[in-house]
Protein chains: 2
Amino acid sequence: MPVSTFLVPSHLMLQLLTAAPAPAPQAAPSLPVAERLVGAALTEGHAWTRLAELTDGVGARLSGSEGAAAAVQWAQRAFKADGVKAWLEPVKVPRWVRGEERAELLGSERFRGRPLSVMALGGSGATPPEGVTGEVVEVRSLEELGALGERVKGRIVLFSHTMQKPEDYGRFAALRSRGPAAAAKAGAVAALVRSLATASLATLHTGATRFEEGDPRIPAASVTVEDAELLSRLVAAGGPVRVKLVLGCQELPDADSFNVVAEVKGREKPQEVVLLGAHLDSWDVGTGAHDDGAGVVMVMEAARLLAKQRPAPRRTVRVVLFMNEENGLRGARAYAEAHAAELPRHVAALELDSGGGRPVGVVLRAGAGAAEKVRPWLSPLRTVGAGALVEGEAGGADLSPLLPARVPFFGLRQDASRYFDVHHTHADTLDKVDPVALAQSTAAVTWLAYAMAEMPELLPRPEAPNPSAGH
Amino acid sequence: MPVSTFLVPSHLMLQLLTAAPAPAPQAAPSLPVAERLVGAALTEGHAWTRLAELTDGVGARLSGSEGAAAAVQWAQRAFKADGVKAWLEPVKVPRWVRGEERAELLGSERFRGRPLSVMALGGSGATPPEGVTGEVVEVRSLEELGALGERVKGRIVLFSHTMQKPEDYGRFAALRSRGPAAAAKAGAVAALVRSLATASLATLHTGATRFEEGDPRIPAASVTVEDAELLSRLVAAGGPVRVKLVLGCQELPDADSFNVVAEVKGREKPQEVVLLGAHLDSWDVGTGAHDDGAGVVMVMEAARLLAKQRPAPRRTVRVVLFMNEENGLRGARAYAEAHAAELPRHVAALELDSGGGRPVGVVLRAGAGAAEKVRPWLSPLRTVGAGALVEGEAGGADLSPLLPARVPFFGLRQDASRYFDVHHTHADTLDKVDPVALAQSTAAVTWLAYAMAEMPELLPRPEAPNPSAGH
């Protein structure tokens, strides 16, 4: 006899299905709830409306900026309007501000001088007001930099690479994050980093670069793919290639800011927390539509829809809009510290920080047997594209402080094929986000959050991370 | 008996073929010459080398600039090195120079203020040093602007459009070239024009805007697609949207410059001229690789290869590197005036100004029967993609002064699907030109030039243009 979802109340259906004999007793989802949650996410367009408010209305929101403060206020107001209880948790954040930035290729017998487009990397030092001038030396890896030894002294190091596709980001991002510090230690006067991009129309990509406490903090800027290739060609042709760089950025004293935390209390086990994270800060260029406005509005929308769900899910769903993912992870660390006692009761956590693309699958980072527990809950997501577990591990920068507490992670894989066209650029704006894809991913996240909060059994916790791996 | 190109000298083969009975006596090409010319263009890579010299070595070259002067010197030296006789013909050119340029969206209750990216259009007026401020009024056509009447007074007019593909350029380019002047006449204080683009990563596209003598010359700037859409959304949401614009551009006195003219003398009819044109000037952003560096090096390479051809083609092949195509057509007019007496003996003319894409076909603008004369000469171009006549008319801005003299035009259609991604932007750089495509188009142009100079009969001249059509 078929089980009709039209005739059997959902709580009974769950009993019927869990009572089924084969293959193993399995919790299964309530289809009416899935219909309601997925249907609302796909038809109401509320996440998109919120994304327009955040990007067009608030705009850029680098940690410590007025924009970041406005974003915190906006999020708190929006949660309230959505009927979701929210509060602020304090975080001290770095406050790095961009200043004048320009560069020029100095002329020679072989070529006329010309302006180069540059954008300081977050955390970069400044040049003197008159700038620094140096001969360009090009490297394609940190190893190559190391091998140059003394030859870097007094030079401007150009970090080149061959990024073509999103998957290359992981291979080359260290050139931006650690290259300038390594160049500084070797005596370079400045660093230029080819933009980490999957397409370029003379597009500059910023991003964080790290200097250790006490190390020389040299000026470090991204250059466009076009200018990087020009410098590369000129260096390859032989003869000195000299560049002048002016950067007026500053590191101001730390500022007061906040994580915005919101919660939908669980009906049975309110002390067990399913965490949905995204980051509220963005870079200071563009309006952080994909990075990470999309993640923010998706987890906010999940909370709004779950807050309307009767009965409420079994466990508590908590949304954390982290501050300072981009240049410090201070929000992530502050959350983990403030909630240390609670972390053993964090039963699942998801981070969205890959843009607003359509869903392509679900990933996990949990103990043995987790996949079997999750799989039956994915069937309502088949037609929005997230009906299956796929290769890869769940996680994210803002979740990394939760690793020692062995919190199980779940994640939504999204289409990110064009994400690195706009990542950290002036072009990361609302027009780049497809409303259909955003609604589909919102639907997927809302249902996944419900599933994690409603499944009868907990996900097994993963092994503790290898302490030598570091984050 | 088959005619073997290995056994029959080319001049005899021509006789054999023209003597063939059916369908009509037809001139046919010399295959050994085609093999040599096409083979050289496809294997030697000389056009690409020249393009690197012009773009990386000389760089931007707006009329009247140091770059333009350097380009003239470069071209003259390059022709000499290539064994092609060349000379300079004087042209007085406008000299418009870019200055400071910035804009900001002023904040309101609905949105925080923020910088907007702007790039002055060539010919734009300047703002006072403190800028101009006005409420944005959006229009989508010149008709819509006209209908607004008094409501434009004191406002900043935003010219919006829906350009998506290269073919849209013709429909919308008048918003840039004529919109600001029309807005000025209606009392606007400034004009912003959505960049004419087929893709955008916050990319600004400049281009000429025209003001009539004596008309108010208001500040006029392009905005990115992203910012145009932002302004559009904010205007549509209601309530005033105010922008402040600062442009420091200047119109300096006319400068002395030159067309660079080069020639390969014809062996039989040296007084009959086949003209190959491209423009040496570019905008002051990017390095004019597609626009029109590619055209320049292709016609230069055609001259170089034809100069080595023995025997020389029947007629003279003349290359004209026009100055000031972008913002005045002064070079084109100067050429037509200086060579007025010769124009009746201009038997064919081609202009390349669509970038360095691969060839896709050949077009004509000539009298009845021209296609039948040209078609047999296209067979050597079949495998480089230009073996057929295709829809469309040959011509171009720099050829327009030759229209009254009824000069037959021929042209190479090239793949321009990505041309308007980079047209008039910082991204029009060498890396965007595919060396394979450039070599294929160079081969096609070289052979077409030979064909026009060698065909036994002249192309029939076209009708005189309709004088009311204008250019």
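Residues numbered from 1 in each chain as written. Chains lettered and ligands numbered in written order. Predicted model: local features only at pLDDT ≥ 70, side-chain atom pairs only at ≥ 80, totals over all residues. Heavy atoms only, no water.

Across its full length, chain A holds 13 helices and 16 strands. The globule rule puts the C-alpha radius of gyration for 471 residues at 23 Å, and the 24 Å found for chain A is close to it. The dimensions of chain A, computed from C-alpha atoms along their principal axes, are 85 × 40 × 40 Å. Counting across all 471 residues of chain A, residues that qualify as buried make up 57%. A fraction of 83% describes how many contacts in chain A between residues 6 or more apart in sequence connect residues 24 or more apart. Accessible surface, chain A as shown: approximately 18,300 Å² in total, 54% of it carbon and sulfur. The distance from the centre of the 50 positive side-chain charges to the centre of the 54 negative ones in chain A is 2 Å. (Helix = DSSP H or I, 4+ residues; strand = E, 2+ residues; numbered from the N terminus. Rg over C-alpha atoms; globule rule 2.2 N^0.38 Å. Buried < 20%, exposed > 50% of the residue type's maximum accessible area, 1.4 Å probe, protein only. Contact = heavy atoms within 4.5 Å. Areas by Shrake-Rupley, 256 points an atom, 1.4 Å probe, with all protein chains shown as cover. Lys, Arg positive; Asp, Glu negative; His and termini not counted. Charge placed at Lys NZ, Arg CZ, Asp CG, Glu CD.)

The next subject is the UniProt feature "domain: Peptidase M28" (unreviewed entry) in chain A. The UniProt record annotates "domain: Peptidase M28" (unreviewed entry) at residues 259-445 of chain A. Structurally, residues 259-445 of chain A is divided into 26% helix and 26% strand, and its ends, taken at the C-alpha atoms, are 21 Å apart. (UniProt positions renumbered as here; feature names shortened; annotations may be inferred.)

All names here are of chain A. Partitioning chain A into structural domains gives domain 1 (10-95 + 254-454) and domain 2 (99-248). The C-alpha-based centres of domain 1 and domain 2 are spaced at 36 Å. Domain 1 puts 14 residues into the contact, and the matching count from domain 2 is 16 residues. Across the domain 1/domain 2 interface, buried area totals approximately 1,000 Å², and carbon plus sulfur atoms make up 66% of it. For domain 1, the biggest contributors to the area lost against domain 2 are Trp283, Phe420 and His424; these three give 50% of the whole. There are zero salt bridges connecting domain 1 and domain 2. The tally of links from domain 1 across to domain 2 stands at four residue pairs in polar contact (both at pLDDT 80 or more). Its residues assigned to classes, the side of domain 1 that touches domain 2 comprises five nonpolar, six polar and three charged. (Domains from an automatic or database assignment. Buried area = accessible area lost by both parts, 1.4 Å probe. Salt bridge = Lys/Arg side-chain N within 4 Å of Asp/Glu carboxyl O. Polar contact = N/O pair within 3.5 Å; in protein donor to acceptor, adjacent residues only side chain to side chain. Nonpolar A, V, L, I, M, F, W, Y, C, P; charged D, E, K, R; others polar.)

The interface of chain B with chain A comprises 32 residues on the first partner and 32 residues on the second. Around 2,200 Å² of area is buried between chain B and chain A when both sides are counted, 52% of it from carbon and sulfur atoms. Summed over the three residues of chain B that lose the most area to chain A, namely Asp56(B), Arg112(B) and Leu201(B), the buried surface amounts to 33% of that side. A salt bridge links Glu226(B) to Lys432(A); the shortest N-O distance between them is 2.5 Å. Those elements giving two or more residues to the side of chain B that touches chain A turn out to be helix 3 (46-58), helix 4 (66-81), helix 8 (225-236) and helix 12 (419-422) of chain B.

It is worth spelling out the sheet that holds strand 4 (residues 118-120) of chain A at this point. Residue and element names in this part refer to chain A. In space, the eight strands of this open sheet follow the order 3-2-9-5-6-7-8-4, with mixed pairing throughout. Of all the strands in the sheet, the pair left with one neighbour each is strand 3 (114-116) and strand 4. The mean inter-strand angle of the sheet, taken between neighbouring strand axes irrespective of direction, is 35 degrees. Relative to strand 7 (residues 190-194), strand 6 (residues 156-159) is paired through four bridges, and the arrangement is parallel. Bridge pairing in strand 7 links Leu158 to Leu192. (Pairing = 2+ DSSP bridges. Axes fitted to C-alpha atoms, helices over the stretch in contact; angles between N-to-C directions.)

Right, let's talk about unusual backbone geometry for a bit. The residue after Asp291(B), namely Asp292(B), is reached through a cis peptide bond having omega 5 degrees. Tracing the sequence through the fold places Asp292(B) in helix 9 (residues 289-307). The omega torsion of the bond from Arg310(B) to Pro311(B) falls at -5 degrees, within 30 degrees of zero and hence cis. With respect to the helices and strands, the residue Pro311(B) is situated in the loop between helix 9 and strand 12 (315-322). Backbone geometry at His424(A) places phi at a positive 65 degrees, although glycine is not the residue there. As for its placement among the helices and strands, His424(A) is situated in the loop between helix 12 (419-422) and helix 13 (435-454).

All names here are of chain A. A large share of strand 11 (residues 269-279) lies buried, amounting to eight of its eleven residues. Pairing between strand 11 and strand 12 (residues 315-322): eight bridges, direction parallel. Its bridge partner lying in strand 12, Val274 is registered against Val317. Read as a crossover between parallel neighbours, the route from strand 11 over helix 9 (residues 289-307) to strand 12 is right-handed. Sheet topology note: the strand 11/strand 13 (residues 346-351) ladder contains five bridges and is parallel. The residue of strand 13 that forms the bridge with Leu275 is Ala349. (Right-handed = clockwise from strand over helix to strand, strands pointing away.)

Attention now goes to the sheet that holds strand 7 (residues 190-194) of chain B. Residue and element names in this part refer to chain B. Strands sit in the order 3-2-9-5-6-7-8-4 across an open sheet of eight strands; the sheet is mixed. The open sheet has two edge strands, strand 3 (114-116) and strand 4 (118-120), and neither has a second partner. Averaged over all adjacent pairs, the angle separating strand axes in this sheet is 35 degrees, with direction ignored. Of the strand pairs in this sheet, strand 5 (residues 132-139) and strand 6 (residues 156-159) are connected by four bridges, and their pairing is parallel.

To continue, consider the confidence of the model for chain A. Residue and element names in this part refer to chain A. Confidence in the prediction of chain A, expressed as mean pLDDT, is 93, and 93% of residues score 70 or more. Across chain A, element-level confidence peaks in strand 12 with a mean pLDDT of 99 and bottoms out in helix 1 (residues 10-18) with 39. Residue range residues 1-26 is modelled with pLDDT below 50. Its contacts to residues more than four positions away, or to other chains, number 21 contacts. (pLDDT = per-residue confidence, 0-100.)

Turning our attention to the relation of the copies chain B and chain A. If you rotate chain B by 180 degrees and push it 0.0 Å along the axis, it lands on chain A with an RMSD of 0.0 Å. The symmetry that links the two subunits is that of a two-fold axis. Measuring from the rotation axis to each C-alpha of chain B, the shortest distance belongs to Leu201(B), at 3.0 Å. (Least-squares fit on C-alpha atoms with pLDDT ≥ 70 in both.)

A few words on the nonpolar core. Of all hydrophobic cores here, the largest spans 76 residues; its most connected members are Trp74(B), Leu276(B), Leu280(B), Leu321(B) and Trp447(B). Ranked by size, the runner-up nonpolar core spans 75 residues in total, among them Val296(A), Val297(A), Ala334(A) and Ala348(A). (Core = buried A, V, L, I, M, F, W, Y, C linked by side-chain atoms within 4.5 Å.)

All right, on to helix 4 of chain B then. Residue and element names in this part refer to chain B. Between the first and last C-alpha of helix 4 there are 22 Å, a value that for 16 residues agrees with the 22 Å anticipated at 1.5 Å per step. Residues of helix 4 that are buried include every one of Gly67, Ala68, Ala71, Val72, Trp74, Ala75, Ala78 and Phe79, and no others. All buried residues of helix 4 fall inside an arc of 165 degrees around its axis, so they share one side. Helix 4 presents Glu66, Arg77, Lys80 and Ala81 as exposed residues on the side facing more than 90 degrees away from its buried surface. On the buried face of helix 4, the contacting elements are helix 3, strand 1 (85-97), strand 10 (250-264), helix 9 and strand 12. (Expected span 1.5 Å × (residues − 1). Arc of directions from axis to C-beta.)

The next thing to look at is the packing of aromatic side chains. Residues and elements named next belong to chain A. All told, the structure shown has ten aromatic pairs over all chains when counted by the stated rule. Between Phe322 and Tyr335 the ring centres are 6.1 Å apart and the planes differ by 85 degrees, which places this aromatic pair in the edge-to-face class. Placement of the pair is Phe322 in strand 12 and Tyr335 in helix 10 (residues 330-338), with a sequence separation of 13 residues. Here Phe322 and Tyr335 have matching classes, each one buried. Here a set of aromatic residues connected by ring pairs shows up, and it is made of Tyr169, Tyr419 and Phe420. (Phe/Tyr/Trp six-rings, centres within 6.5 Å; stacked < 30°, edge-to-face > 60°.)

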